[in-house]
Amino acid sequence: MTSDRPPYSPEEAAEVLRQVEGARQQARRPLRAFVGQLLALWGLIYLVMYGVSALGLADPRWSWFPVVSFGFAASFVLGARVGSAIRSPEGRALRQTWTWFGVVMATASFALVSQGAEDPLFSFVINLLVAFALLQSGELLSERGLVRAGLLLAAANALFLAAGAQTYALALAALGLVALVTGVLMTRRYAVR
């Protein structure tokens, strides 16, 4: 015998949906904390490297490769610490986005270096790719702050390149500071409790 009564009342169904969404948001916390850690790490790298360049304290061209290599290694270590969250659908999509970003960035870097491209043009292309990866990450995690960060980086990248190499390096150092602070705040906000 079947009952004509639906299995859930509209109120019960709404409550179940709220619980599912709450569980989904809770599962995203480690991914958002991970993105915050990445923003803090790379924000610090941008702040230091572009800051050194803007202040004319040293020629950072020879320092970028070891610093970026360290940054990538640290990024993978941070990603490994996320554990099962990175195996969730959003985590897999985030990992795939940044993996393809690495492939495209390596390809672009090789092409630019082989053609003798120098800064700030080299940094401009790389930072456009970073902006796109931030936009994609923001869309995947429904994190408007990351979308805004990607748009800000893309706009600042274009505007300050037109202003000249010294202004460009200073602007990217400032964006590094913004990313560092944002990353620390995100890491604290989404820390797994």
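Further up the page is the structure itself.
Per chain, residues are indexed from 1 in the order of the written sequence. Local features in this predicted model are restricted to residues whose pLDDT is 70 or higher, and side-chain atom pairs enter the listing and the counts only when it is 80 or higher, whereas totals over whole chains, interfaces and linings include all residues. Hydrogens and water are ignored here; the side-chain numbers use all heavy atoms of the structure.

**Student:** What should I look at first to understand the packing of helix 3 (residues 89–114) against helix 4 (residues 121–141) in this one?
**Tutor:** Angle between the axes and distance between the axes: these two values describe a pair of packed helices. The axes are straight lines fitted to the C-alpha atoms, using for helices just the contacting stretch, and the angles between their N-to-C directions are given from 0 to 180°. The secondary structure listing takes helices from DSSP runs of H or I that are at least 4 residues long and strands from runs of E that are at least 2 residues long, numbered from the N terminus. At their nearest, the axes of helix 3 and helix 4 sit 10 Å apart, and the two run at 170° to each other. When the interaxial angle is binned, helix 3 and helix 4 end up roughly antiparallel. Counted together, Glu90, Ala93, Leu94, Thr97, Trp98, Phe101, Val104, Met105, Ala108, Ser109, Leu112 and Val113 of helix 3 and Phe122, Val125, Ile126, Leu129, Val130, Ala133, Leu134, Gln136, Ser137, Leu140 and Leu141 of helix 4 form the full contact between these two elements. A breakdown of the residues in the contact of helix 3 with helix 4 according to their chemical character gives 18 nonpolar, four polar and one charged. Roughly parallel means an angle under 35 degrees; roughly antiparallel means over 145; roughly perpendicular covers 65 to 115; every other angle is labelled oblique. Note on contacts: a residue pair qualifies if any of its non-hydrogen atoms lie within 4.5 Å across the two residues. All amino acids are sorted into three groups, where Ala, Val, Leu, Ile, Met, Phe, Trp, Tyr, Cys and Pro are nonpolar, Asp, Glu, Lys and Arg are charged, and the leftover types, Gly among them, are polar.

**Student:** Sorry if this is basic, but what is going on with the packing of aromatic side chains here?
**Tutor:** For any pair of aromatic rings, the description consists of the separation of the ring centres together with the inter-plane angle of the planes. For Phe, Tyr and Trp, where Trp contributes only its six-membered ring, two rings pair if their centres lie within 6.5 Å, and the inter-plane angle classes them as stacked under 30 degrees, edge-to-face over 60, or tilted in between. For the structure shown, the criterion picks out four aromatic pairs. Judged by centre distance (6.4 Å) and plane angle (85°), the rings of Tyr50 and Tyr168 are edge-to-face. Here Tyr168 lies in helix 6 (residues 165–189) and Tyr50 lies in helix 1 (residues 10–55), a separation of 118 residues in the sequence. Under the relative-accessibility criterion, Tyr50 is labelled buried at 6%. Burial status follows relative accessibility: with a 1.4 Å probe on protein chains alone, a residue under 20% of its type maximum counts as buried, one over 50% as exposed, and anything between as partly exposed. The exposure class assigned to Tyr168 is buried, which follows from its relative accessible area of 2%. A network of ring pairs unites the aromatic residues Tyr46, Tyr50 and Tyr168 as a single cluster.

**Student:** Just to check I follow, could you spell out a nonpolar patch on the surface for this structure?
**Tutor:** Like charges within 9 Å and nonpolar side chains (Val, Leu, Ile, Met, Phe, Trp, Tyr) within 5 Å are joined into patches, using only residues over 30% in relative accessible area that form no salt bridge. In short, Shrake-Rupley with a 1.4 Å probe defines the accessible areas, and a residue's cover is counted only from the protein chains shown. Any Lys or Arg side-chain nitrogen found within 4 Å of a carboxyl oxygen on Asp or Glu counts as a salt bridge. Together, Leu177, Val181 and Leu185 make up a nonpolar patch on the protein surface, roughly 270 Å² of accessible area in all. Residue placement: Val181 occurs in helix 6.

**Student:** What is the right way to look at the nonpolar core in this model?
**Tutor:** The tendency in soluble globular proteins is for nonpolar side chains to be buried as a group. In these notes, a set of buried Ala, Val, Leu, Ile, Met, Phe, Trp, Tyr and Cys residues joined through side-chain atoms within 4.5 Å is what counts as a nonpolar core. Within the largest apolar cluster, 39 residues are counted, with the highest numbers of intra-cluster contacts made by Val35, Leu39, Tyr50, Val130, Leu153 and Leu172. Broken down by secondary-structure element, the contributors of at least two residues to this core are helix 1, helix 2 (61–82), helix 3, helix 4, helix 5 (144–163) and helix 6. At 13 residues, the largest contribution of residues to this core is made by helix 1. Setting aside chain neighbours within four positions, we find Val35 in contact with Leu94, Leu141, Leu146 and Met186.

**Student:** Even after reading the chapter, I still don't get the environment of Thr97, so can you show me in this structure?
**Tutor:** Position of Thr97 among the secondary structure elements: in helix 3. With sequence-adjacent residues up to four places away left out, Thr97 is seen in contact with Ala133, Gln136, Ser137 and Leu140.

**Student:** Mind showing me how you'd approach the side chain of Ser75 here?
**Tutor:** By the secondary structure assignment, Ser75 is in helix 2. The class of Ser75 is buried, set by a relative accessible area of 12%. Not counting residues up to four positions away in its chain, the partners in contact with Ser75 are Phe34, Leu38, Leu41 and Trp42.

**Student:** Just checking my understanding: could you explain the packing of helix 4 against helix 5 for this structure?
**Tutor:** For the pair helix 4 and helix 5, interaxial distance at closest approach is 7 Å and the crossing angle is 165°. One finds that helix 4 runs roughly antiparallel with respect to helix 5. Where helix 4 crosses over helix 5, the handedness of that crossing is left-handed. Contact residues: helix 4 offers Ser123, Phe124, Asn127, Leu128, Val130, Ala131, Leu134, Leu135, Ser137, Gly138, Glu139 and Leu141, while helix 5 offers Leu146, Val147, Ala149, Gly150, Leu151, Leu153, Ala154, Asn157, Ala158 and Leu161. When grouped by side-chain class, the residues that make up the contact of helix 4 with helix 5 number 15 nonpolar, six polar and one charged. Left-handed describes a crossing whose near helix is turned anticlockwise from the far helix by less than a right angle; the clockwise case is right-handed.

**Student:** Looking at this model, I keep getting lost on helix 3. Mind explaining?
**Tutor:** Every α-helix carries 3.6 residues per turn, so stepping three or four residues along brings you back to the same face. Its 26 residues give helix 3 an end-to-end C-alpha distance of 37 Å, which sits within 8% of 38 Å, the value for a rise of 1.5 Å per residue. Taken as a whole, helix 3 has its buried residues at Glu90, Gly91, Leu94, Thr97, Phe101, Met105, Ala108, Ser109 and Leu112. Just downstream of helix 3, Gly116 is the residue with a positive phi angle, here 75°. Expected helix span is taken as 1.5 Å per residue step, with the number of steps being one fewer than the number of residues.

**Student:** When you look at the pattern of salt bridges in this model, what are you seeing that I'm missing?
**Tutor:** Think of it this way: side chains of opposite charge can pair up when their charged atoms draw near. Inspection of the entire model under this criterion finds one salt bridge. Glu143 is paired through a salt bridge with Arg32; the nearest N and O atoms lie 2.9 Å apart. Taken as a pair, Glu143 in the loop between helix 4 and helix 5 and Arg32 in helix 1 lie far apart in primary sequence, 111 residues in all. Residue Glu143 shares its accessibility class with Arg32, and that shared class is buried.

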